[in-house]
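Single-letter residue listing:
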Amino acid sequence: MNYPVWQLEMGGGLLIALVAVTHVFVSHFAVGGGLFLVMAERRAYRTQDAGLLDWLRRHARFFALLTLVFGAVSGVGIWFTIGLVHPAATSALIHVFVWGWAIEWVFFFVEIAAAVIYASTWDRLDRRTHLAVGWIYFVAAFMSLVVINGILAFMFTPGAWLDPATRSFWTGFFNPTYFPQLLVRTLAAVAFAGLYVFATAWRAPLAERPKLARYAALWALPATLAGPLAAVLYLQAAPGAKDLVFGTAIPGATHSFRMVIGCAVLYGLLLAAVALLARRRPGIVSLPTGVALLVLGYGSIAGAEFVRESIRKPYVIGNPQAGYLYVNGLTPADTARAQASGLLAEARWVKGKDGAPLAGAERGAEVFRVACRGCHSLAGYRPIRKYVDGKPVAAIATMVGRLDKLRGRMPPFPGAADEAHDLALYLGGLDGELEPQEPAPGGAKVADAKALLQDKCLACHDLDGKGSNPLRPKVKGWSAAVAYEKLGKLSQLNAGMMGMDVTDEAERKTLAGYLATLATEN
């Protein structure tokens, strides 16, 4: 509301996901890979394994190039992207954790210096000093994770920070999911260090590859097997998180969690098979094998990040039980103020601010741009037309007024009643089939059963089964008495219809009678 809107047809959230997940996959390797290098170097010195040392020199150069160059560039890319796509959330995280970011940048500077020295001084420093540089790198990298983890966990479980009486840097940082999430991310970092062995192992001499494959499995498999326990601790620490992941309220979270498990199981089985077979067939440690393992590892962290993003809805900072900032960039207080005085009156960067005021569908288009465009495109990513094409304006207006009651965990509509009507008018005309007459705003009661059906039911349902949620099959066999009873407890029949109970006695009787006639037409 207080920032210009950056319109992306592909969706700003999807762009953030692509940049952030890639960065997160590399940044976890930056932590676990640092520990892997110093432990493997110690092992090579202890066993006087010249072949392992030679491979570690090449692997360290790859490690430094990937984590310092790509990791730094993609990290800047995250800041650039979130600053444009979600400036309100970016501003909030900077203001709450300004000293946390400063501390993290100090550790990052130490990481850069130590990684460059470590990768370039294998034959210049004595063994003890070189190992010390490696340990300095790992400690700095892990401390970066310790700091960033507090900020990321805060976005899901701000906890006591939400209460102004207990609001502080530390209550936000050490929030309810801080330690479980730190455990999850540490295990992921160790597991990915094992997977990344295959990024360079395929270039090692054939005689060295079986040993590298076994060593990689020893790193990745225990951490992967411990992952489910850490995930359970994480979900238990967040109120309602298990229901969100394993329930039906947020299908995207459930599918993403299955993706995490599926990818982890697949790369675990593939890694174990390669480690067992490599002794007889060292050529199996190849570029295709390495690509497959890394793609599966990427899939597991991508799924985990999508779970974290999905279960926060309708907030970007918060969770369904309590939150600070909605996904549309408004706080609950901002929303209440916009509902009272009008969204366009409160927003800074809107058309008609200094000239002739907007009206009708033109105003609805501006409301859509400010309130909805951050998450929805018209016909691209998360297309709004999927939900409104073919629906009457009255039904769309009903849907807009009940956004926070619909499936998908939307924030409440942040505008006045006349703005909701104009938004419905704009959305209803996107398919070129706008009705010539529209009902008055403010929810005036309709007079006949068909209008009631449009108002109460067709906002989410299609009557004849043309969409994914047909109404007629659901009422098959209903008598007027049955329909009357069910209309009074819709929220008990389906959690997605929370708040949709028909409480007006006259409307309930009229609509029940009409649904009974539909039932006989099946």
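- As recorded in an unreviewed UniProt entry, the protein chain goes by Cytochrome c and comes from Anaeromyxobacter paludicola.
- Its UniProt record gives the protein chain a comment under Subcellular location (unreviewed entry), which states: "Cell membrane".

## Topic: unusual backbone geometry
Next up, step 1: In this model, Lys313 is joined to Pro314 through a cis peptide bond whose omega is 10°.
Next up, step 2: With respect to the helices and strands, the residue Pro314 is situated in the loop between helix H12 (287-310) and strand E1 (315-319).
Next up, step 3: In this structure, Gln48 takes a positive phi of about 50° despite not being glycine.
Next up, step 4: Of note, Gln48 is situated in the loop between helix H1 (12-47) and helix H2 (50-85).
Next up, step 5: Residue Gln48 is classed as exposed on the basis of its relative accessible area of 73%.

## Section: helix H7 (residues 178-196)
Next up, step 1: The end-to-end C-alpha distance of H7 is 26 Å, a good match for the 27 Å that 19 residues give at a rise of 1.5 Å each.
Next up, step 2: Burial runs high along H7: 15 of the 19 residues are buried.

## Some thoughts on the UniProt feature "transmembrane region" (unreviewed entry) in the protein chain
Next up, step 1: In the numbering used here, UniProt assigns the "transmembrane region" (unreviewed entry) feature to residues 12-39, 60-82, 94-119, 131-162, 182-204, 216-237, 257-277 and 284-304.
Next up, step 2: For residues 94-119, the end-to-end C-alpha separation is 33 Å, with 96% helix and 0% strand making up the annotated structure.

## Thoughts on the pattern of salt bridges
Close approach of charged atoms allows side chains of opposite charge to pair.
Next up, step 1: Scanning the entire structure with this criterion turns up twelve salt bridges.
Next up, step 2: Between Asp49 and Lys211 there is a salt bridge, and its shortest N-O distance comes to 2.6 Å. One end of the pair, Asp49, is in the loop between H1 and H2; the other, Lys211, is in helix H9 (residues 209-237), and 162 residues separate them in sequence.
Next up, step 3: Residue classification places Asp49 among the buried residues on the basis of a relative accessible area of 15%.
Next up, step 4: Exposure remark for Lys211: the relative accessible area of 24% places this residue in the partly exposed category.
Next up, step 5: The partner of Arg57 in a salt bridge is Asp123, and the shortest N-O contact between them spans 3.2 Å. Taken as a pair, Arg57 in helix H2 and Asp123 in the loop between helix H4 (98-120) and helix H5 (127-156) lie far apart in primary sequence, 66 residues in all.
Next up, step 6: Where salt bridges share partners, they join Asp49, Glu208 and Lys211 into one cluster.

Conventions used here
- Residues numbered from 1 in each chain as written.
- Predicted model: local features only at pLDDT ≥ 70, side-chain atom pairs only at ≥ 80, totals over all residues.
- Heavy atoms only, no water.
- UniProt positions renumbered as here; feature names shortened; annotations may be inferred.
- Helix = DSSP H or I, 4+ residues; strand = E, 2+ residues; numbered from the N terminus.
- Buried < 20%, exposed > 50% of the residue type's maximum accessible area, 1.4 Å probe, protein only.
- Expected span 1.5 Å × (residues − 1).
- Salt bridge = Lys/Arg side-chain N within 4 Å of Asp/Glu carboxyl O.

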